[in-house]
Amino acid sequence: MSAGWFRRRFLPGGPLPAPRPPRPRSSPVPYRRPRFLRGSGSGPGTADAPRRPDVRPVRSPARGRSLPWNAGYAEIINAEKSEFNEDQAACGQLCIRRCEFGAEEDQEWLTSCPEEFLTGHYWALFDGHGGPAAAILAANTLHSCLRRQLEAVVEGMVATQPPMHLSGHSICPSDPQFVEEKGIRAEDLVIGALESAFQECDEVIGRELEASGQVGGCTALVAVSLQGKLYVANAGDSRAILVRKDEVRPLSSEFTPETERQRIQQLAFVYPELLAGEFTRLEFPRRLKGDDLGQKVLFRDHHMRGWSYKCVEKSDLKYPLIHGQGRQVTVLDVDQLEVQEEDVVVMATDGLWDVLSNEQVARLVRSFLPGNREDPHRFSELAQMLIHSTQGKDDGLTEEGQVSYDDISVFVIPLHSQGQRSSGH
């Protein structure tokens, strides 16, 4: 994350700023570990603990501390790669409030009835580059950005098919000027909210780092459970996989290239003069006309593969640069899986995947869970076991007992527990 900030700061286009005299760099946020690790039994000085491969401590939530869906978690600091653990993790419950648009749009959110809420769950891993600051900022910020973006589209999310106009008002559907609307689904709004939240969080990180005179960035891997589906968003080289009895399914892509649509839209964003004042880079489900002014309609920009809503302005009536359908994002429909008790999602930073393949992780999961069904902490125990498998002990699954010297953070999310109400901290 924070790539946009680096582009804005370092792309050519003007004289280079004069070098500033060195000054002490203060962190924009204090160093910390995830809140749900409080009381885990390890002392606060994790960074001062011995970091030889054979003695680095593996930390997990304290017994009795429940994460969403009774998920498991474990982490280990690097072997003297850096002073601090640059990974960060966050999880919790997403309570999405519903609002009414129109004349009283800026008034309070409507919270009087339980039906006014959608509840979801959230797990996230961040791997810092150039220090832990960006990862800490992301862990503190991304869930709030995501909640705001979801609240902006929640009316469309609860509809069978998201309406073109958020008010539900349809304008001249038979007008021959209009092409057929694109098949946009409720899940596309969640995808758009995730993408917009990543963008918003990236801008926050850039501002905070610049204000404190620091550089750096982080990867982000996020899983969101909402309305019976699990959404996995990734920026960087962390990874998530689904492990079932007879299946291993990747749930994230690392360094996915941009689609042509996004590349063209980004080009128009960076060089708006190419539009010659005649086109809009934004994509809409159909061509807009004057009657749409002031309406909240579906759209997407260069950083989005999903969709969101915006209020139509006069500039949006220009001829659209983009036509046709974009590439769809794969979403795990948990309700359609016929979930078994030992079906899990494993999320981990690259320190794990540098040593273990998807298939090796799946074999470890399948060998561990059947014999530990009665242990209420088995998913954290499994996360610890996965980390121990990267620490040089030849168990026949890794090659020559390979050692990962990187930070490693692991979530194990049991899909069978999705109906249980448990809260993150």
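The structure displayed is predicted, hence computed values, not measured ones.

Enquirer: So what exactly am I meant to see when it comes to the packing of aromatic side chains here?
Expert: Aromatic ring pairs are described here by two measures, namely the spacing of the ring centres and the angle between the planes. What the rule picks out here adds up to five aromatic pairs. An angle of 40 degrees between the planes, with centres 4.4 Å apart, marks the rings of Tyr 31 and Phe 84 as tilted. Linking Tyr 31 in the loop between α1 (3–10) and β1 (58–59) with Phe 84 in the loop between β2 (72–76) and β3 (87–97), this pair joins segments that are 53 residues apart in sequence. Judged by its relative accessible area of 28%, Tyr 31 falls in the partly exposed class. Relative accessible area serves as the criterion here: at 26%, Phe 84 is assigned to the partly exposed category. With 4.9 Å between their ring centres and 80 degrees between their planes, Phe 36 and Tyr 73 make a pair best called edge-to-face. Here the residue Phe 36 occupies a position in the loop between α1 and β1, and Tyr 73 occupies one in strand β2, the gap between them amounting to 37 residues. By relative accessible area, Tyr 73 is classed as buried at 0%. An aromatic cluster of at least three residues, connected via ring pairs, comprises Phe 36, Tyr 73 and Phe 411.

Enquirer: Looking at this structure, I do not really get the nonpolar core. What am I missing?
Expert: Tyr 122, Phe 126, Leu 146, Leu 150 and Val 224 are the most contacted members of the largest nonpolar core, which has 45 residues in total. The dominant element in this core, judged by the number of residues it contributes, is helix α2 (residues 133–157), at 14 residues. Discounting residues that sit within four places of it in the chain, Phe 126 has contacts with Glu 86, Asp 87, Gln 88, Ala 135, Ala 138, Ala 139, Leu 142, Cys 218, Thr 219 and Ala 220.

Enquirer: Can you help me understand helix α3 (residues 186–211) in this one?
Expert: Because an α-helix packs 3.6 residues into every turn, residues spaced three or four apart end up facing the same way. With 26 residues, α3 extends 38 Å from end C-alpha to end C-alpha; this agrees with the ideal 38 Å at 1.5 Å per step. With 20 of its 26 residues buried, α3 lies for the most part within the structure. Taken from the residues just after α3, Gly 213 is the one with a positive phi, measuring 70 degrees.

Conventions and cut-offs
Residues numbered from 1 in each chain as written. Predicted model: local features only at pLDDT ≥ 70, side-chain atom pairs only at ≥ 80, totals over all residues. Heavy atoms only, no water. Phe/Tyr/Trp six-rings, centres within 6.5 Å; stacked < 30°, edge-to-face > 60°. Helix = DSSP H or I, 4+ residues; strand = E, 2+ residues; numbered from the N terminus. Buried < 20%, exposed > 50% of the residue type's maximum accessible area, 1.4 Å probe, protein only. Core = buried A, V, L, I, M, F, W, Y, C linked by side-chain atoms within 4.5 Å. Contact = heavy atoms within 4.5 Å. Expected span 1.5 Å × (residues − 1).

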